[in-house]
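# An overview of the molecular structure
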Amino acid sequence: QVQLVESGGGLVQAGGSLRLSCAASGTIYSINAMAWYRQAPGKQHELVADITSGGTTNYADSVKGRLSISRDNVKNTVYLQMNSLKPEDTAVYYCNARVRTSYKDSYARLYWGQGTQVTVSS
């Protein structure tokens, strides 16, 4: 049905930058909100940022001013620009999207990507 594939993760030094991408594909009628979550060992799964179809954004306090979420509705892709990275940003980053596969869907279902590893060295 719907698949989300993350890319752009990797190893970067503290203070560096990465840009994550997440492309949705499959049977898509519309996508409502899209979001980035992350989970590090010993830490809870947490929301990093989300964005509505109209471009309204929301960020975790820990990443405000450093990370920026955006989307391309033509490509069905959400991005996370990561600047001034810190070791505590090290985590597996997951994207999700609330997707309607048909105009007849009564609600948008939540789909998750497989995750991409971001490692920030000190």
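Throughout what follows, the structure given in this document is the object of discussion. (Residues numbered from 1 in each chain as written. Predicted model: local features only at pLDDT ≥ 70, side-chain atom pairs only at ≥ 80, totals over all residues. Heavy atoms only, no water.)

All chains considered together, the criterion is met by 5 salt bridges. For Arg-38, the salt bridge identified is with Glu-46, shortest N-O distance 2.7 Å. Put simply, Asp-61 and Lys-64 hold a salt bridge, and the shortest N to O gap is 3.1 Å. Across the pair, exposure class does not vary: Asp-61 and Lys-64 are exposed alike. (Salt bridge = Lys/Arg side-chain N within 4 Å of Asp/Glu carboxyl O. Buried < 20%, exposed > 50% of the residue type's maximum accessible area, 1.4 Å probe, protein only.)

Okay, the nonpolar core next. Nonpolar side chains in soluble globular proteins generally cluster together in the buried interior. Counting 31 residues, the largest nonpolar core has Trp-36, Val-48, Ile-69, Val-78, Leu-80, Met-82 and Tyr-93 as the members making the most contacts within it. Elements with a minimum of two residues in this core: β1 (2–7), β3 (18–26), β4 (30–39), β5 (46–51), β7 (67–72), β8 (77–82), β9 (91–100) and β11 (116–121). (Core = buried A, V, L, I, M, F, W, Y, C linked by side-chain atoms within 4.5 Å. Helix = DSSP H or I, 4+ residues; strand = E, 2+ residues; numbered from the N terminus.)

Here the focus is the sheet that holds β8. Here we have 4 strands laid out as an open sheet, ordered β1-β3-β8-β7, and antiparallel in their pairing. Only two strands of the sheet have a single partner each, and these edge strands are β1 and β7. Along the sheet, successive strands turn relative to each other by an average axial angle of 15 degrees, direction set aside. Relative to β8, β7 runs antiparallel, the two being bridged by 6 bridges. (Pairing = 2+ DSSP bridges. Axes fitted to C-alpha atoms, helices over the stretch in contact; angles between N-to-C directions.)

Notably, Asn-76 is not glycine yet its phi reads approximately 55 degrees, a positive angle. With respect to the element layout, Asn-76 can be found in the loop between β7 and β8. Judged by its relative accessible area of 22%, Asn-76 is partly exposed.

A probe matching the size of a water molecule, rolled over the atoms, marks out where space remains unfilled. What the rule picks out here adds up to 1 cavity of 30 Å³ or more. What the largest cavity holds in volume is close to 40 Å³. Along the walls of the largest cavity sit Arg-38, Gln-39, Ala-40, Lys-43, Gln-44, Glu-46, Glu-88, Thr-90 and Ala-91, which together make up its complete lining. In terms of residue class, the lining of the largest cavity is built from 2 nonpolar, 3 polar and 4 charged. (1 Å grid on protein atoms, 1.4 Å probe; cavity = no way out; pocket = protein on both sides within 12 Å on 5 of 7 lines; lining within 4 Å. Points joined across faces, edges and corners; volume = space filled by probe spheres on them. Nonpolar A, V, L, I, M, F, W, Y, C, P; charged D, E, K, R; others polar.)

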